[in-house]
Amino acid sequence: MKLTTTLNRLKDAHACTARYEHLLRCLGGPSFDHDAPINLLTILEHNGAEDCLWAMCATEQDCEVVARLIAADCAEMVLPIYEREYPGDNRPRQAIEAARAFARGEIVAAAWAAAGDAAGDAAWAAARDAAWAAAWAAA
């Protein structure tokens, strides 16, 4: 799936002024057509991963599936941290798999909600904390 946006869409979504202007310079300056499609890979190349992920909120295509799958991949990357602390608890791993299945349309919203309930608040909080800790350590 090719995800695109435009400078006007980014501006309408309240893009950070400095990062927007950086992208504009990379695209050739103010003469660049503000309604021309911009591949998110172009934003990744010029502005980095954080801006590319943020730009998903302003894509022309529905990127909800892609966003959910990326979120599942990110959660899975820090899963070993959680599993070291709670070796017998497989609820976060099951929740990640349920998230992927939901993104692919394999389960309905009711089953997705039930999977979240089954994972439990404590497991979700611990997985979230592990994800933040790993993200900050990587940064």
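Placed above this text is the structure.
From a predicted model like this one, the values you see are computed outputs, not experimental measurements. (Residues numbered from 1 in each chain as written. Predicted model: local features only at pLDDT ≥ 70, side-chain atom pairs only at ≥ 80, totals over all residues. Heavy atoms only, no water.)

Caption draft 1: The side chain of R100, seen in detail. Here R100 is to be found in helix α6 (residues 91-103). With relative accessibility at 10%, the residue R100 sits in the buried group. (Helix = DSSP H or I, 4+ residues; strand = E, 2+ residues; numbered from the N terminus. Buried < 20%, exposed > 50% of the residue type's maximum accessible area, 1.4 Å probe, protein only.)

Caption draft 2: Quick look at α6. For α6, which comprises 13 residues, the first-to-last C-alpha distance of 18 Å matches the rise-based estimate of 18 Å (1.5 Å per residue) to within 8%. The positive-phi residue at the C-terminal boundary of α6 is G105, with phi of around 80 degrees. (Expected span 1.5 Å × (residues − 1).)

Caption draft 3: Spotlight on the nonpolar core. Among the nonpolar cores identified, the biggest contains 16 residues, and L7, L10, L23, L40 and I43 are the most heavily contacted of them. Secondary structure elements with two or more residues in this core: α1 (7-12), α2 (17-26), α3 (40-47) and α4 (49-55). Tallying contributions element by element places α2 first for this core, with three residues. Residues in contact with L7, not counting those within four places in the same chain, are Y20, L23, L24, L27, F32, H34 and I38. (Core = buried A, V, L, I, M, F, W, Y, C linked by side-chain atoms within 4.5 Å. Contact = heavy atoms within 4.5 Å.)

Caption draft 4: Quick peek at the environment of C74. Relative to the elements of secondary structure, C74 occurs in helix α5 (residues 64-85). Along the primary structure C74 and I96 are separated by 22 residues, whereas in three dimensions their C-alpha atoms are 9.7 Å apart.

Caption draft 5: Just the pattern of salt bridges, in detail. Taken as a whole and judged by the stated rule, the model has eight salt bridges. One salt bridge in this structure joins D51 and R19, with 2.8 Å as the shortest N-O distance. Here R19 lies in helix α2 and D51 lies in helix α4, a separation of 32 residues in the sequence. Judged by its relative accessible area of 31%, R19 is partly exposed. Here R91 ties to D89 by a salt bridge, and the two come within 2.9 Å at their closest N and O atoms. By relative accessible area, which is 30% here, R91 ends up partly exposed. Salt bridges here are not isolated pairs; linked through shared partners, they connect D73, E76, E97 and R100. (Salt bridge = Lys/Arg side-chain N within 4 Å of Asp/Glu carboxyl O.)

Caption draft 6: Main features of α2. Within α2, the full set of buried residues consists of Y20, L23 and L24. Axial view of α2: buried residues confined to an arc of 100 degrees, hence all on one face. Looking at the buried side of α2, the elements it contacts are α1 and α3. Remark: G28 follows α2 within two positions and exhibits a positive phi of approximately 120 degrees. (Arc of directions from axis to C-beta.)

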